[in-house]
Amino acid sequence: MLRATKDLLGEVGYQRLTFEGIARRAGVSKATIYRWWPNKAALVIEALSGEVPLPPIHETGDLEADLRTAVRLTIELVSAMPTCLILPALLADVIEDPTGTGAFAELIEPRRTSVVKLLERARLEGRLPPDTDTSLMVDVYSGTVVYLAAVNRIPPGEAVVGQLVSLLLHGHLPVPKGPAPAEREESPGA
């Protein structure tokens, strides 16, 4: 059933994926699937759990370099096929039916925890202010990466990585490459 789910995800996408189609492909009844998974989101999360690339973050001691690596790895994870294509609909289903929230958290928790620990060590060593909310730091860049991948359907580039890390570690506000927003609005044909 998990293999059939992964195969059909690649063929029809998340929104058109049905328990009927999975049952037909796997050669089982729909009731069998419902016995194991309460909804499509839970089944897809389990099917993808072995497919999600979670390479370890090798800490170098250079907080900026390590955080850049963490952001890049999150981009790779979110941009991996079929994750990028299904993530918005999957998250919508998880939000609508909170029974899938725990499974989704389990899917991403190992990576999230490793980065929080990296940032916590930096905070305890004085490389971050003592009152830094390291968990929220991870949420800030992860949320941005998920949003950009979902909306743009392409992974954020190195410029975004640099701007996120600079924002999180130094408080530098992101600046656009090219003309400033006001100049773009005034330019002909904008």
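Residues numbered from 1 in each chain as written. Predicted model: local features only at pLDDT ≥ 70, side-chain atom pairs only at ≥ 80, totals over all residues. Heavy atoms only, no water.

1. Structural notes on the UniProt feature "DNA-binding region" (unreviewed entry) in the protein chain
Short version of the rule: UniProt positions are given in the numbering used here, feature names are shortened, and annotations may be inferred rather than shown by experiment. Helix and strand assignments come from DSSP, with helices taken as H or I runs of at least 4 residues and strands as E runs of at least 2, each series counted from the N terminus.
The positions UniProt marks with the feature "DNA-binding region" (unreviewed entry) are residues 18–37. Secondary structure across residues 18–37 divides into 75% helix and 0% strand, with the first and last C-alpha atoms of the span separated by 13 Å.

2. So, the packing of helix 8 (residues 134–152) against helix 9 (residues 158–170)
The following threshold applies: With axes taken as lines fitted to C-alpha atoms, and helix axes fitted only over the stretch in contact, angles between N-to-C directions fall between 0 and 180 degrees. Angle categories: roughly parallel below 35 degrees, roughly antiparallel above 145, roughly perpendicular from 65 to 115, and oblique for all the rest. The hand of a helix crossing depends on one turn: near helix anticlockwise from the far one by less than a right angle means left-handed, and clockwise means right-handed. Any pair of residues with heavy atoms lying within 4.5 Å of one another is described as a contacting pair. Think of it as three bins: nonpolar holds Ala, Val, Leu, Ile, Met, Phe, Trp, Tyr, Cys and Pro, charged holds Asp, Glu, Lys and Arg, and polar takes everything else, Gly as well.
One way to put it is that helix 8 packs onto helix 9 with a least axis distance of 10 Å and a crossing angle of 155°. One way to sum up the angle between helix 8 and helix 9 is to call them roughly antiparallel. In the crossing of helix 8 with helix 9, the sense of the turn from one axis to the other is right-handed. Residues M137, V140, Y141, T144, V145 and L148 of helix 8 touch helix 9, and the partners they reach there are V160, L164, L168 and L169. Here the contact of helix 8 with helix 9 is built from residues that sort into nine nonpolar, one polar and no charged.

3. Considerations on the side chain of R112
For the record, the criterion: Between N or O atoms, a polar contact is any pair within 3.5 Å; within protein, one atom must be a potential hydrogen donor and the other a potential acceptor, and residues adjacent in sequence are included only when both atoms are from side chains.
The residue R112 is located in helix 7 (residues 101–124) in this model. At a separation of 2.7 Å, a polar atom in the side chain of R112 contacts the side chain of D139. Once residues lying within four places of it in the same chain are set aside, the contact partners of R112 are S135, V138 and D139.

4. Things to note about the nonpolar core
To keep things clear, this is the line we draw: Working definition of a nonpolar core: buried Ala, Val, Leu, Ile, Met, Phe, Trp, Tyr and Cys residues. They are joined through side-chain atoms within 4.5 Å. The cut-offs for exposure are 20% and 50% of the maximum accessible area for each residue type, with area from a 1.4 Å probe on protein chains only; residues under the lower value are buried, those over the upper are exposed, and the others partly exposed.
In this structure, L67, L90, L119 and Y141 are the most contacted members of the largest nonpolar core, which totals 47 residues. For this core, the secondary-structure elements that each account for two or more residues are helix 1 (2–12), helix 2 (19–26), helix 4 (40–49), helix 5 (63–79), helix 6 (83–96), helix 7, helix 8 and helix 9. If sequence neighbours within four positions are ignored, L67 has contacts with V115, L119, M137, Y141, V165, L168 and L169.

5. Structural notes on the packing of aromatic side chains
This is how the line gets drawn: In this analysis, rings of Phe, Tyr and Trp, with Trp reduced to its six-membered ring, are considered paired at centre separations within 6.5 Å, and the interplanar angle assigns stacked below 30 degrees, edge-to-face beyond 60, and tilted for intermediate values. Cation placement over rings: the criterion is NZ of Lys or CZ of Arg within 6 Å of the ring centroid and within 35° of the ring normal.
A full pass over the atoms with the stated rule returns one aromatic pair. It is K40 that lies over the ring of Y14; its NZ or CZ is 4.3 Å from the centre.

6. So, the side chain of S166
By secondary structure assignment, the location of S166 is in helix 9. A polar atom in the side chain of S166 sits 2.8 Å from the side chain of H172. In contact with S166, other than residues within four places in its own chain, are G171 and H172.

7. Quick notes on helix 2
Buried within helix 2 are the following residues: F19, G21, I22 and A23. Where helix 2 is buried, its residues contact helix 1, helix 3 (30–36) and helix 4. Directly after helix 2, the chain includes G27, whose backbone phi takes a positive value near 75°.

8. Let's talk about helix 5
Threshold: To estimate how far a helix should reach, multiply one less than its number of residues by 1.5 Å.
Its 17 residues place the ends of helix 5 24 Å apart at the C-alpha level, agreeing with the 24 Å of an ideal helix rising 1.5 Å per residue. Buried within helix 5 are the following residues: L63, D66, L67, A70, V71, L73, T74, I75, L77, V78 and S79. Taking the backbone nitrogen of E64 as reference, a side-chain oxygen 3.2 Å away marks D62 as the first, capping residue of helix 5.

9. Comments concerning the environment of L128
By the element assignment, L128 lies in the loop between helix 7 and helix 8. Accessibility expressed as a relative area gives 6% for L128, which makes it buried. Separated by 65 residues in the primary sequence, L128 and L63 place their C-alpha atoms 9.3 Å from one another. Setting aside residues no more than four positions away along its own chain, L128 makes contact with L63, L119, A122, R123, T134, M137 and L169.

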